[in-house]
Each structure stands twice: as structure tokens, then as C-alpha cells.
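Take a look at the letters that make up each chain.
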Amino acid sequence: MKNLWNEEEAKLCKTNLDLRVYSSNLLGQSDALVLHGGGNTSVKSMVDGEEILFVKGSGWDLVSIKAEGFSPVKLSTLLEMAKLKALSDTDMVTEQKAAMIDKTAPNPSVEAILHALIPFKVVDHTHADAIVTISNSKDGTKHIATLFPNFLIVPYVMPGFILAHMIYEMTKDFDWESCEGIILHNHGIFTFDDDAKKSYDKMIAAVSRAEIFLEEQANITLETTEPSSTLDIESLKILLEKEKGHTLTFKVNQSPLALTYASRDNLSSFATRGVLTPEHIIRTKRAPLVLENNNLEEALSEYIAAYKNYFDTFATDEIMLNPAPNYAVVKNYGVILFGKNEKEVNILNDIVEHTMMTVLRADKLGGYQSISLKDSFEMEYWELEQAKLKGK
């Protein structure tokens, strides 16, 4: 991975926050690190004699974030919150907002408490494809431990307070100075330092290490043939618009990657093994519609029935989302994305393209393996993740 740091540009930054904006933008420039709102960053600074955590605000992308996109939160409050045995999503959001020194700033990232816990000035968090590809393989635990012996490695748990509290417990008597970073299985990576450039360099170095491993152990050759099947897209559009209750924009992806993915044997099981990183589920659902023949109505009916069963299995008091799929994988034809508008389908396409490459490469490492059905449901119906979509 290319290191984009430019010392001349960095020297133009006059404050800690300016430099935090600069390095956040660098991280956001690589879609191999973050996609569409993914990842978060922070810097700790003194303001009027009090230590404040400036953390990426909800609704901002790293590639375009500005100073006003960071939420200033009292560090002491966040550290006290980390000690609590339990904290609801609603209470966490309320307490974080109450601890902001600028009430006009955006809501702090759901990872604000975790950023506060890491005792370094600068903290970077990404969902790097290479890291998650290795982690999302059946031998991922072993590979990650071998590649990153000086990292704190954390098993998957729900992002937000649950994750922060777990790390609080794991690091009570922890030697942070000898820790090069944190890897969250099925989720992403943190690097940190008291120097912005060093934290950024650590991120690039760690991801590069993972990329080299994948090049050596999981190289992929993509199909160069033309699609060998057809699809009645108009009929599919009519069926889906009826189920969704609104008009849809379609995007057909027949790239070499999509055709390679859609040509796999046992496509119905191959293409439905879960999301790349947890937050993607609010856009993609856990699995696509898979079409291996031309019986569109039957396939859609079976998908909806399976989704309702998934909901009934794990739901407590949630209200079911629309059970129709958000994209389809069509045997020997490619991938079709559908959404309310062009922006939505382009975001879906970006996420699905990264997911397809991850699945193909993870299979070379013994098999792709995402988070469990239960964890998927909890993420899909997490009130804080749902809020992201409602705000769009």
C-alpha cells in the first residue's frame, strides 16, 4: 500500500486538529482502507485546561472530513463510561452528547469510548480489506496471530460500548508501549501514536504486511470471458419494486470480478456467507438474492421466506425491515445492484465489489467465514446503525 504522507503538506497544518484532518483525509483516499463512512479517527488535545477527545463525527467520510466534522468530547467522561458494566445504545449517545464542549458538533463516533481508552494522542481505525480478508478466513485467527505478534488481537463483539468495555477489561494491566496496534477480528484495525505521521505510517505498514501475505497465499485470477447466461431484468425490476414498495434504480456489474464470482459452483451457498465488515449489513443485508435459473418469482419468494425466518429466529421486540434483497448474484451473468437512486446503487456496488474479492481470496486461505447469523442480526437491527440510514 502506498504511503501518501507529504511532509510539505503536513507542515501547513497549524494545529493538532488540522493535522488530524490531514491524515484522516489520507486514510480516506484509499478504498482498500475505508468505504463510504467507514473507519474513524481521533486526536486528544488540551482545551481550557481539560483533555478533550476530538473524534470523527457520525455522518462524515474520512476522505472529506473537515475540522468541524470532529466531535469534541471530554476525555474523563468517556473513560468513566468505559468502566460501566452495561450501557444501552441510547444512554451512550446521550452521555457522549452531554460531554461535548460544542453542542453544535456532530454526534461522536460509536467508537469514541474505545478511542478514549487508547492512551496515545492520535488514533486511526480502518476496515482495511487485507486485514479483514485474512481475519474472515477459517484459519484467520492463526494467520493474524502469526502476522501481527505485537498487536492486541480482539475476538468479534458488537461495535460500540460492548467492544470498548471488552478492551477496557483486556487492558487493565496492559503494556501499551509495546503494543503496535489492535486488530478486531471480522472488523478492522487500529494504530496509534503520539505523532500523527507515525500512527499513519503504522497503519500503512500493517496493511502492507497483510497485502503481501495475500499476494503470496491468496492470489486470484479473474475470468475474462463474456456472460454466458441471460436475464429478464425488466421482470425482476417489476417484482422487486412490488416488494420494496417504491421505484428502483438498477446497476448491472459484469466486470471480470463479478463474472468470476457469479460463475462459482454451488452459487447459492457460495454467495450467501455474510458481510465483509459488520456495518455493511445495513446496506447490503446479510446475503444477496441468488439466481441460478429463470424462475425469478420463485427465487424471490424463497429469499423473502428465508429472511422472515431469520428475523423470527433472533427478534425480540424489533420491527422487521423490508425483507426483499438489496442486490442479486446471477449465475454466469454477473451482479445486479438495486436501490432508491444512483447514489445508493453505486455505494452498494463499491461494497459488493470489495466483498467479492475478499470472499474469493479468503477461500484460498481455507474458506470465507463472516460473523454469525446472530451477530449479523444484532448489527442489522442495531438502533445506532439504523440511525445512519435514516439520516441519509
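Residues numbered from 1 in each chain as written. Predicted model: local features only at pLDDT ≥ 70, side-chain atom pairs only at ≥ 80, totals over all residues. Heavy atoms only, no water.

K.L.:
Would you mind showing me how to read the overall build of the protein chain here?
P.N.:
Each helix and strand counted, the protein chain has 17 helices and eleven strands in total. Here the C-alpha radius of gyration of the protein chain, 21 Å, is about what a compact globule of 392 residues would show, namely 21 Å. Principal axes of the C-alpha set define a box for the protein chain whose edges measure 65 × 45 × 40 Å. Summing over all exposed atoms, the protein chain offers an accessible surface of approximately 17200 Å²; the carbon and sulfur share of this is 49%. (Helix = DSSP H or I, 4+ residues; strand = E, 2+ residues; numbered from the N terminus. Rg over C-alpha atoms; globule rule 2.2 N^0.38 Å. Areas by Shrake-Rupley, 256 points an atom, 1.4 Å probe, with all protein chains shown as cover.)

K.L.:
I would appreciate a short explanation of the side chain of Asp-193 in the present structure.
P.N.:
You can see Asp-193 is positioned in strand β7 (residues 188-193). The residues touching Asp-193, leaving out its near neighbours within four places in the chain, are Phe-120, Lys-121, Val-122, Lys-198, Ser-199 and Lys-202. (Contact = heavy atoms within 4.5 Å.)

K.L.:
Any chance you could explain the sheet that holds β7 here in plain terms?
P.N.:
Picture the strands of a sheet paired through backbone hydrogen bonds; they go either parallel or antiparallel. On the basis of which strands lie adjacent, the open sheet formed by seven strands has the order β3-β2-β1-β4-β7-β6-β5 and mixed pairing. The open sheet terminates on both sides in strands that have one partner only, identified here as β3 (70-74) and β5 (151-154). Strand after strand, the sheet turns through a mean of 20° between neighbouring axes, direction not considered. As defined by bridge partners, β5 adjoins strand β6 (residues 181-184) across four bridges and the pair is classed as parallel. Counted as the bridge partner of Val-154 is Leu-184 from β6. Sitting on the sheet, helix α2 (residues 16-28) touches β1 (40-47), β2 (50-56), β3 and β4 (122-126), and the angle it makes with β1 is about 175°. Contacting β4, β5 and β7, helix α9 (residues 196-217) runs over the sheet at an angle of about 150° to β7. (Pairing = 2+ DSSP bridges. Axes fitted to C-alpha atoms, helices over the stretch in contact; angles between N-to-C directions.)

K.L.:
Explain the sheet that holds strand β11 (residues 334-339) to me, please; I cannot follow it from the model alone.
P.N.:
Strand order in this open sheet of four strands is β8-β11-β10-β9, and the pairing throughout is mixed. Taken across any chain shown, the strands that pair with only one partner, and hence form the sheet edges, are β8 (249-253) and β9 (289-291). Across the sheet, the mean angle from the axis of one strand to that of its neighbour is 20°, orientation sign disregarded. Sheet topology places strand β10 (residues 327-330) next to β11; four bridges connect them, and they run antiparallel.

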